[in-house]
Amino acid sequence: MNKSLLNAILLIITYAVFLVLALLKFDVLWGFLGQILAALKPFYLGFAIAFVLGRPCLFFDRFYQNILPRKSAAKLSRPLAVTTAYLALIAAVCVLFALVLPQVAQSIALFAEGLGGYIANLQHLVNDLLAYFDQEAFDFTGLSSHLRTVLDKAMTALTDTLSQVMAITSSVISVVVTLTLSIVFSIYMLAGRERLSAQCARLLRAYAPERYVGPVTRVVQLTARTFTSFVSGQLLEACILGALCALGMLFIQADYAPLIGVIVGTSALVPVVGAYVGAGLSAFLLVMVSPVRAIIFLVFLGILQQIEGNVIYPRVVGTSIGLPGIWVLTAVTLGGGLFGLPGVLLSVPTASVLYTLLKEDVAARLKPSKKKAS
């Protein structure tokens, strides 16, 4: 028997045996895979941190290379860039916890204190609308108590959760260790970015067939470029939109400016649907204070989103990721239905990569037919 044929038969038999074992012991294999993923949590969390800090690190790296002497720049620019990027991240987190969150908590407390009056305003508004259409009045008297109960339960659950987290020492240690390892991994990835990329490229050329090296490299570069543009764009858009919305709310309802700014900015992280959710939730809060202010807010937010999307976003972020609107909505719907919030956040760049690859493949397949037709 031919030796190559014998090797092919043995390979097929081995593959069949492993496939049968995998199907029979799927639960064991899935549990083992889950343990591996749980053990690698610091690694992919560190990769996520390094991915978010990638562009700031490159910016600071170029900055230090321009201001430092040539001899020192080669050795010091990257460590200084990584340190500065982390200091900027820590400063942003400190500002969030020291300035923004207390203001948001104060706005929530003010809303809870005036809840009875807001329900009365809502009752009066609905009764006027129903009377205009000759309909029976709807009773909102029980809504105030229900909302107060929900708020009390939420605050109690939050307090209990925080106390339990602080009480359970093992959980705190696990979180600290995971976070520390994640930061260490991210520092190594940021500091040795070029070296890691070169090592991965060498492994690909060494073990993958030559015809796959070019396409795989191109797909990886396209994926990294698309995800980087999407993440940085969404974060910048959320921060700018939330800040501008909070500034505008100072002239509409100053008490709720921090709360609504955070709601609009956070919801802007979710593509397509987030803008409507943030606008609807904020308008619901304002309509109980004053329907006129809620309408003014919706008009203001609509104008602000147009200015931000057409003027600020293209100048700050650059071009979009190149995915038509219908496919953005489809990707968000499918990703959210299958994987929840992570699916919503990651479905758009994933769909953009697949859309670009499909468009290039279709164009490549249609070229021969065009040449024959000509």
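Structure shown above.
Please read all numbers here as calculations on a predicted model, not as lab measurements.

(A) Looking closely at the overall build of the protein. Counting its regular elements, the protein contains 14 helices and zero strands. When the elements of the protein are put in sequence order from the N terminus, they spell out α-α-α-α-α-α-α-α-α-α-α-α-α-α. A buried classification covers 25% of the 374 residues belonging to the protein. For the protein, the proportion of contacts with a sequence separation of at least 24, taken over those separated by at least 6, is 68%.

(B) Structural context of the pattern of salt bridges. Going through the model one piece at a time under the given rule, you end up with four salt bridges. Put simply, Arg218 and Glu360 hold a salt bridge, and the shortest N to O gap is 2.5 Å. With a gap of 142 residues between them, Arg218 in helix 10 (residues 210-249) and Glu360 in helix 14 (residues 325-373) connect regions that are remote in the sequence. On the basis of relative accessible area, Glu360 is assigned to the partly exposed category, the value being 36%. Overlapping salt bridges, with partners in common, bring together Asp61, Arg78 and Glu194 in one network.

(C) Spatial organisation of the nonpolar core. Of all hydrophobic cores here, the largest spans 24 residues; its most connected members are Cys245, Met249, Ile260, Val264, Leu286, Phe297 and Leu301. If you list the elements that add at least two residues to this core, you get helix 5 (70-113), helix 10, helix 11 (257-267), helix 12 (273-287) and helix 13 (291-316). In this structure, Ala50, Leu53, Phe60 and Met189 belong to the second largest nonpolar core, which totals 11 residues.

(D) Structural view of helix 12. Helix length check: helix 12 (15 residues) gives 21 Å between terminal C-alpha atoms against 21 Å at 1.5 Å per residue, within 8%. Within helix 12, burial applies to Gly274, Gly278, Ala279, Ser282, Ala283, Leu285, Leu286 and Val287.

(E) Spatial organisation of the packing of aromatic side chains. A complete count under the given rule lists four aromatic pairs for this structure. Relative to Phe185, the ring of Phe43 has its centre 5.6 Å away and its plane inclined at 85°; by these criteria the two rings are edge-to-face. Separated by 142 residues along the polypeptide, Phe43 in helix 3 (residues 41-52) and Phe185 in helix 8 (residues 169-191) bring together distant segments of the chain. Of the residues examined, Phe43 reaches a relative accessible area of 40% and is grouped as partly exposed. Residues Phe59 and Phe60 carry aromatic rings whose centres are separated by 5.4 Å and whose planes lie at 65° to one another, so their mutual orientation is edge-to-face. Residue Phe59 is classed as partly exposed on the basis of its relative accessible area of 49%. Classification of Phe60 as buried rests on a relative accessible area of 17%.

(F) Focus on the packing of helix 2 (residues 26-39) against helix 3. The interhelical angle for the contact between helix 2 and helix 3, taken along N-to-C directions, is 50°, at an axis separation of 4 Å. Between helix 2 and helix 3, the crossing angle belongs to the class labelled oblique. Across from Leu37, Ala38 and Ala39 in helix 2, the residues of helix 3 making contact are Lys41, Pro42 and Tyr44. For the contact of helix 2 with helix 3, the per-class residue count stands at five nonpolar, no polar and one charged.

(G) Structural context of the packing of helix 11 against helix 12. Across the interface, helix 11 lies against helix 12 with an axial gap of 7 Å and an inter-helix angle of 160°. As judged from the angle between their axes, helix 11 and helix 12 are roughly antiparallel. Of the two possible hands of crossing, helix 11 and helix 12 adopt the one that is right-handed. Contact residues: Leu259, Ile260, Ile263, Val264 and Ser267 in helix 11; Gly274, Ala275, Gly278, Leu281, Ser282, Leu285 and Leu286 in helix 12.

(H) The arrangement of the side chain of Arg78 in detail. Examined against the element boundaries, Arg78 turns out to sit in helix 5. Note on Arg78: relative accessible area 12%, which makes it buried. At 3.0 Å, the side chain of Arg78 and the side chain of Asp61 are in polar contact. A polar atom in the side chain of Arg78 sits 3.0 Å from the backbone oxygen of Leu190. Once residues within four sequence positions are removed from consideration, Arg78 is found in contact with Cys57, Leu58, Asp61, Leu190, Ala191, Arg193 and Glu194.

(I) Fine view of the environment of Ile296. Looking at the secondary structure, you find Ile296 in helix 13. Taking the relative accessible area as the measure of exposure, Ile296 reaches 42% and is therefore partly exposed. For Ile296 and Ala283, which are 13 residues apart along the polypeptide, the C-alpha to C-alpha distance reads 9.5 Å.

Thresholds, definitions, all that
- Residues numbered from 1 in each chain as written.
- Predicted model: local features only at pLDDT ≥ 70, side-chain atom pairs only at ≥ 80, totals over all residues.
- Heavy atoms only, no water.
- Helix = DSSP H or I, 4+ residues; strand = E, 2+ residues; numbered from the N terminus.
- Buried < 20%, exposed > 50% of the residue type's maximum accessible area, 1.4 Å probe, protein only.
- Contact = heavy atoms within 4.5 Å.
- Salt bridge = Lys/Arg side-chain N within 4 Å of Asp/Glu carboxyl O.
- Core = buried A, V, L, I, M, F, W, Y, C linked by side-chain atoms within 4.5 Å.
- Expected span 1.5 Å × (residues − 1).
- Phe/Tyr/Trp six-rings, centres within 6.5 Å; stacked < 30°, edge-to-face > 60°.
- Axes fitted to C-alpha atoms, helices over the stretch in contact; angles between N-to-C directions.
- Parallel < 35°, antiparallel > 145°, perpendicular 65-115°, else oblique.
- Nonpolar A, V, L, I, M, F, W, Y, C, P; charged D, E, K, R; others polar.
- Left-handed = near helix turned anticlockwise from the far one by under 90°.
- Polar contact = N/O pair within 3.5 Å; in protein donor to acceptor, adjacent residues only side chain to side chain.

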